[in-house]
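# Inside the fold
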Amino acid sequence: MAKSKHDEKPLAQNKKASHDYFIEETYEAGIVLTGTEIKSIRQGKVNINDAFATIRGGEMFIHNMHVSPFEQGNRFNPSDPTRARKLLLHKAQIHKLFGLVKQEGYTLVPLKIYTRNGFAKLLIGLAKGKKQYDKREAAAKRDAQRDIQRALREKQKIAR
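Bear in mind that the values here come from a model prediction, so they are computed numbers and not experimental data.

Scoring rules and cut-offs
- Residues numbered from 1 in each chain as written.
- Predicted model: local features only at pLDDT ≥ 70, side-chain atom pairs only at ≥ 80, totals over all residues.
- Heavy atoms only, no water.
- Helix = DSSP H or I, 4+ residues; strand = E, 2+ residues; numbered from the N terminus.
- Rg over C-alpha atoms; globule rule 2.2 N^0.38 Å.
- Buried < 20%, exposed > 50% of the residue type's maximum accessible area, 1.4 Å probe, protein only.
- Contact = heavy atoms within 4.5 Å.
- Areas by Shrake-Rupley, 256 points an atom, 1.4 Å probe, with all protein chains shown as cover.
- Expected span 1.5 Å × (residues − 1).
- Arc of directions from axis to C-beta.

## Quick word on the overall build of the protein
The number of helices and strands found in the protein is 4 helices and 9 strands. Going from the N terminus to the C terminus, the protein shows its helices and strands as β-α-β-α-β-β-β-β-β-α-β-β-α. Relative to a compact globule of 160 residues, whose C-alpha radius of gyration would be 15 Å, the protein shows 19 Å and is clearly more extended. Overall, the protein is about 65 × 45 × 35 Å in size when its C-alpha atoms are taken along their principal axes. Taken over 160 residues, the protein has a buried fraction of 30%. Considering only contacts within the protein whose residues lie at least 6 apart along the sequence, 69% involve residues at least 24 apart. As displayed, the protein has an accessible area near 10600 Å², and 51% of this comes from carbon and sulfur atoms.

What follows is the structure, given as structure tokens:
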């Protein structure tokens, strides 16, 4: 059975992103980490709920990603858990994203963080904000789908 592109178990997820934004495209980016940050990330002590990505000087950075200090850490533990961390993408991808973010009203939202081949990867989504009525419409569709599934289960129980 072949794995899909992002089948790894997520160490942290931004579940609110799909509620607040329409996710148009996703990009996988590497993260530049220092000291014992990778050990904390592997333990799942990372929070990306309030994080956002920016592009400055042809480079992409993630801000407000909280990586807790490693308990058994040493002097190489970073002092600021929410510092800006550089993201690793191809230059063409960064230029494309920069153009979209500046002109069309998109934003860059971190969706999940996971490890691949021992390296921490961040799934970035190119997102457009949802209005309040879009959120209500999505909730109504979700509730309707849940009711349909419930009715089908009841019908299958009666048929047996």
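Moving on, there is more to tell.
## A look at the side chain of serine 40
Inspection of the secondary structure puts serine 40 in helix H2 (residues 37-42). According to the relative accessible area criterion, serine 40 is buried, its value standing at 1%. Apart from the residues lying within four places of it in its own chain, the contact partners of serine 40 are Lys45, Val67, Ser68, Pro69 and Phe70.

## Thoughts on helix H3 (residues 91-103)
Helical geometry note: an α-helix holds 3.6 residues per turn, so side chains three or four residues apart project in the same direction. The end-to-end C-alpha distance of H3, which contains 13 residues, comes to 19 Å, matching closely the 18 Å that a straight helix rising 1.5 Å per residue would cover. Buried within H3 are the following residues: Ile94, Leu97 and Leu100. The buried residues of H3 occupy an angular sector of 130° when the element is viewed end-on, so they sit on one face. The exposed residues of H3 that point more than 90 degrees off its buried face are Lys91, Ala92, Lys102 and Gln103. If you follow the buried residues of H3, they end up packed against strand E2 (21-31), strand E4 (52-56), strand E5 (59-63), strand E8 (107-116) and strand E9 (119-129).

## Let's talk about unusual backbone geometry
Positive phi outside glycine occurs at asparagine 64, with the angle close to 65°. On the secondary structure map, asparagine 64 appears in the loop between E5 and strand E6 (66-67). Overall, asparagine 64 belongs to the partly exposed group, its relative accessible area being 38%. Residues other than glycine seldom take positive phi values, yet asparagine 117 does so here, at roughly 55°. Here asparagine 117 lies in the loop between E8 and E9.

These figures come from the coordinates and say nothing about function on their own.
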